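Residue-level listing of the chains:
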Amino acid sequence: MENTMVREHSPDVSASEAVFGVTGMTCASCVAVIEKTLARMPGVLSANVNLASERLTVSYDPAQIDEPGIAAAVKAAGYEATPLGARSSAHTGGGTSTGSARVTLGVTGMTCSSCQAVIERTLAKVHGVSEAVVNLAAETATVTFDTDVVSVDELIGSVIEAGYGAVVLPDAEEAGGESARDLQREAQERHTRHQRNLLILSASLAIPAFVFTMVPPFMDVIPVVFSTWLANTFGGAWDPHMVMKYIGLVLATPVQFIAGAQFYRGFWHAIKQRMGNMDTLIALGTSAAYFYSLAATFWLVEEPVFYEVAAMLITFVIFGKLLEARAKGRTGDAIKKLMGLAAKTARVVRGGVEADIPVEQVVAGDVVVVRPGDKVPVDGVIVEGSSSVDESMLTGESIPVEKHEGDTVIGATINKLGSFKFRATKVGKDTALAQIIKLVEEAQGSKAPIQRFADYISSYFVPAVVLLAIVTFAVWLFLGPTLFPDALDGFTPFVKALLVGTAVLVIACPCALGLATPTAIMVGTGKGAENGVLIKSGEALETTHKTSAIVFDKTGTLTHGKPVVTEYEPFGDAIGREEFFRLAAALERSSEHPLAEAIVNHAKETGVELPQVSGFAAVPGHGVEGLVDGRSVVLGNRKLMGREGIDISPWAARIEQLEGEGKTVMLTAVDGVPAGLIAVADTLKENSREAVERLREMGVEVYMITGDNRLTAEAIAAQAGIPADHVLAEVLPEHKAAEVGKLQGRGLSVAMVGDGINDTPALAQADIGIAMGAGTDVAMETGGIVLMKDDLRDVVTAIELSRATIRRIRWNFVWALGYNSLGIPIAALGLLRPELAGGAMALSSVSVVTSSLLLRRFKPSLRKAA
Amino acid sequence: MRRSAIYGAAALVTALAVWLTLWTFSQARANDFMMVGVVVAGENVALAVEDQPGAADSIAVSRVLAPDDSWLVVHLDDDGMPGKRVGLLRVEEGESVDLVVPLDERVTSPDVIVALHADRGQRGTFEFDMDAFMRSPDKPYFVDFEEVAAVVAVAQ
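Just so it is clear, the structure is predicted and the values come from calculations on it, not from any experiment. (Residues numbered from 1 in each chain as written. Chains lettered and ligands numbered in written order. Predicted model: local features only at pLDDT ≥ 70, side-chain atom pairs only at ≥ 80, totals over all residues. Heavy atoms only, no water.)

Trainee: An account of the overall build of chain A is requested, with residue identities and associated values reported.
Mentor: Counting its regular elements, chain A contains 30 helices and 32 strands. Across the 866 residues that make up chain A, the buried fraction comes to 55%. Taking the intrachain contacts of chain A between residues at least 6 apart in sequence as the baseline, contacts between residues at least 24 apart amount to 70%. Looking at chain A as shown, the accessible area adds up to about 35,500 Å², and 58% of this sits on carbon and sulfur atoms. (Helix = DSSP H or I, 4+ residues; strand = E, 2+ residues; numbered from the N terminus. Buried < 20%, exposed > 50% of the residue type's maximum accessible area, 1.4 Å probe, protein only. Contact = heavy atoms within 4.5 Å. Areas by Shrake-Rupley, 256 points an atom, 1.4 Å probe, with all protein chains shown as cover.)

Set out below in structure tokens:
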């Protein structure tokens, strides 16, 4: 629900924009009231109220009105507006820029999505907070706030005030990573320990309470024996029936008020926020059973007691939450695994001496020594030696990569057989590993749009359940004796109604619903990282599954992006094949043209000795010429041959054939005689065709976009298996985004795959941008998904993973909602005792988390085939 | 060390649970615990009644020691078990002697059973229903799993 009131204003007005948190709104009419009120205020240019987020955004002329004035106007209309700071300025920059910062808090004590909502709402209400996102599965709260208005301590205070624990998580991970999450891990462990102690306490009291009062012959013998012992020890008269009630009272009271105190606290804080959550249901359910039993112990002595119901229910819920916490812990395994990759020490050369130092002490510029089998401690560039390095832990690529002087090495990768020295370029939080960890953590902490569904249902669920429980209670109380006389099980209608109402209250708790999305996102993003696919947000993960068209940038994405010699052929017998190539390559050594580099590289790779060149000259737009071994050599295009008066017409057909294959043909003449041709082309990557085929099998339309001419483009596309009508050729870099837009205009959900260097606008325009090569900072910052290595099969992996995750989330919803849908009628019909409902409720969360954990079995289809 | 302590405690708890279970079952076989009323120590309760052949309108009770305000209840003997209630007399806490319990109707069995019941619900109102034994506040007194009661011969 979003509306805007805009007033016409002069464009030269210096406008500011302010955001307010608004409370007291209940419906769309409130939105209209506030907007109309503000629209009448002098100086207000536009007012936009979002009912869902309870935010008011006002654009105003600071010369005529200020923030307190706006807040006062809203208050006069019957609502509360809290300034959340200036967001941005319009026109001539009349707004103020506030000290915006973001902090991630580790939060303990959350039990369900309602707790998440309580904390989000609590933080959002704090003056100066512009955004608060709580991740139930990761147990974190990411808060964007104005440092001029509110401090981190105050944020933590507000979370604690709401009944939860909070600690600050360091923003960026150190390369070692281990220490960065210690605070949260400690807090979580403390919380788990506390819960375990509470479980021991409650189980050791609730189980005897259940056995002594419900299980024959214990329920018959124990009270009598205990009564006899009391009579013989203290005298007096003891009714075993009453003694059984006292035993229940003594055993259940500590459970109710020590182990169960957390539910009362949560209930109270939820009430303060006018919300309901799992604590509301558990506190209401157990209190109904406990306080009724208390009355039956001292006043309504003829009535039975249900202490064991309350005690067992609390025990089951705590037990379930502990199981859930344990399972939830495993959803973050990927991050732990990544953190565990970091090296602990590094051998650096300082003052000419090699010394082992903790990796945290390595600084950029240090020369680091890496021996066979060592872990590369930080990122850097090799200055001496060579080796092969296993980068599989970061890229998923199983084959070790050859590294020579000048090549970059990445921290946490493992050196194989050789030794080398490298100069550290990135250390600590700047290393690729630290960046990856940060990126994955941010993704795991983000909310996928599909979660709005769960949030929406949860917000109505608890009040609906309380209402349903009251209706069930009333039906059983007033109509039970008439409608179901045989189902009263010997209880009075009141007692039966109480038991049934409590069971409904407990079974309907929507805890599992709140976990359905975040746990799957956590496992999904973690699994992506394991496979070299960095998914930057829950939204990216969700959007990817909808991909119906994929656009590959040609150069550097489908192809290697580096021209290589594909063939060289002599023109007749005048000069030998190897000889003409030797002369041509020697000449090209002096050229700086990219195609020349391809020829020289080929010569080096094939061991061709290159003689000295004299009289080298570049002929712009034509080619190069010079003297090699005393012979006049020219190398270039047709124009150069024409200029030199060399007839190449006998080979024209062959030249055109090669050009038709997308190759650039360079012609050579020696001493004025045609000598041969060299074809150079940017070749397709090994796995491109396989990836394209698989994508098409998956029902995704595959396009190629390039600035190349259509002939060359179609030749490469044909090799990749992309049909000619799916080739977007001769597109300038600045027009690539428009081409993506055209596909979107056809209703396609488009993924754009590029290297993030010259296709950033297209990556941004696409529904999902996939950037290749995590080695570059640009790639890391561009697109919703970053592929760690230049392998297009990872695009397939990303889509498969996204589809698997969304499928899993949907299954989780089926589990969670199906459980509630089945459980509520069973409980309402009186077929489920409250304590069993509690156990089932707790286990439903465990089942959803376990279902998410099944995603850990995800394996990319292409890798499997390989 | 800590692990040993945990294992030790677990073993102790298990042993206790097993013992309690076995003991409970052995007790359950010996007694019908479900029908045990208000339990008192032997020194705090007493009931002395002699056989009274030919008694028709009342039963004389020579001595009662009641731990609390109580009821003397006379039942017909129903094959060794207390049958229909035919007489009722409220007695005060403490010792009472030479009491006479009037009988409401003619005795049809050779013996009657005189039992001492608690008065724990609404004081002065006898609230006991054999069919709702557990929920009845005025249950009979028991000492060491035995009801405080006496079988009195009334046949000529």
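Alright, that's what it looks like, and here's the rest.
Trainee: I'd like a rundown of the packing of helix 15 (residues 493-507) of chain A against helix 28 (residues 793-828) of chain A, residues and numbers included.
Mentor: Residue and element names in this part refer to chain A. Across the interface, helix 15 lies against helix 28 with an axial gap of 8 Å and an inter-helix angle of 175°. Comparing the axis directions of helix 15 and helix 28 gives the class roughly antiparallel. Only Tyr819, Asn820, Gly823, Ile824, Ala827 and Ala828 of helix 28 make contact with helix 15, whose side of the interface consists of Val500, Ala503, Val504 and Ile507. Looking at the contact of helix 15 with helix 28, its residues break down into eight nonpolar, two polar and no charged. (Axes fitted to C-alpha atoms, helices over the stretch in contact; angles between N-to-C directions. Parallel < 35°, antiparallel > 145°, perpendicular 65-115°, else oblique. Nonpolar A, V, L, I, M, F, W, Y, C, P; charged D, E, K, R; others polar.)

Trainee: Tell me about unusual backbone geometry, and please be specific about residues and values.
Mentor: All names here are of chain B. One non-glycine residue, Asp98, lies in the positive phi region at around 50°. At Phe145, a residue that is not glycine, the phi angle is positive and equals roughly 70°. Here Phe145 lies in the loop between strand 8 (141-143) and strand 9 (146-147).

Trainee: Give me the lowdown on the packing of helix 6 (residues 218-234) of chain A against helix 7 (residues 240-259) of chain A, citing residues and values where you can.
Mentor: Residue and element names in this part refer to chain A. At their nearest, the axes of helix 6 and helix 7 sit 8 Å apart, and the two run at 95° to each other. One finds that helix 6 runs roughly perpendicular with respect to helix 7. Contact with helix 6, carried on its side by Met219, Ile222, Pro223, Val224, Phe226, Ser227 and Leu230, involves Pro240, Val243, Met244 and Ile247 of helix 7 and no other residues of that element. Its residues placed into classes, the contact of helix 6 with helix 7 shows 10 nonpolar, one polar and no charged.

Trainee: Describe the interface of chain A and chain B, and please don't skip the residues or the numbers.
Mentor: In this assembly, 22 residues from chain A lie in contact with 25 residues from chain B. Buried surface at the junction of chain A and chain B, summed over both partners, amounts to about 2,100 Å²; 66% is from carbon and sulfur atoms. One can count one salt bridge joining chain A with chain B. Put simply, Lys139(B) and Asp239(A) hold a salt bridge, and the shortest N to O gap is 2.7 Å. On the surface where chain A and chain B come into contact, there are three residue pairs in polar contact (both at pLDDT 80 or more). Residue assignment for the side of chain A that touches chain B shows that the elements contributing at least two residues are helix 6, strand 10 (237-238) and helix 7 of chain A. Of all the elements, helix 6 of chain A adds the most residues to the side of chain A that touches chain B, at 10 residues. (Buried area = accessible area lost by both parts, 1.4 Å probe. Salt bridge = Lys/Arg side-chain N within 4 Å of Asp/Glu carboxyl O. Polar contact = N/O pair within 3.5 Å; in protein donor to acceptor, adjacent residues only side chain to side chain.)

Trainee: Lay out the packing of aromatic side chains with the relevant residues and their values.
Mentor: Per the stated rule, a full pass over the model turns up 18 aromatic pairs over all chains. Taken together, a centroid distance of 5.7 Å and an interplanar angle of 90° make the contact between Phe473(A) and Phe494(A) edge-to-face. Separated by 21 residues along the polypeptide, Phe473(A) in helix 14 (residues 451-483) and Phe494(A) in helix 15 bring together distant segments of the chain. Site record: aromatic cluster; members linked through ring pairs are Phe257(A), Tyr264(A), Tyr290(A), Phe291(A) and Tyr307(A). Here Arg577(A) stacks its cationic end above the ring of Tyr568(A), 3.9 Å away from the centre of that ring. We note Arg90(B) situated over the ring of Trp71(B); from NZ or CZ to the ring centre the distance is 6.0 Å. (Phe/Tyr/Trp six-rings, centres within 6.5 Å; stacked < 30°, edge-to-face > 60°. Lys NZ or Arg CZ within 6 Å of the ring centre and 35° of its normal.)

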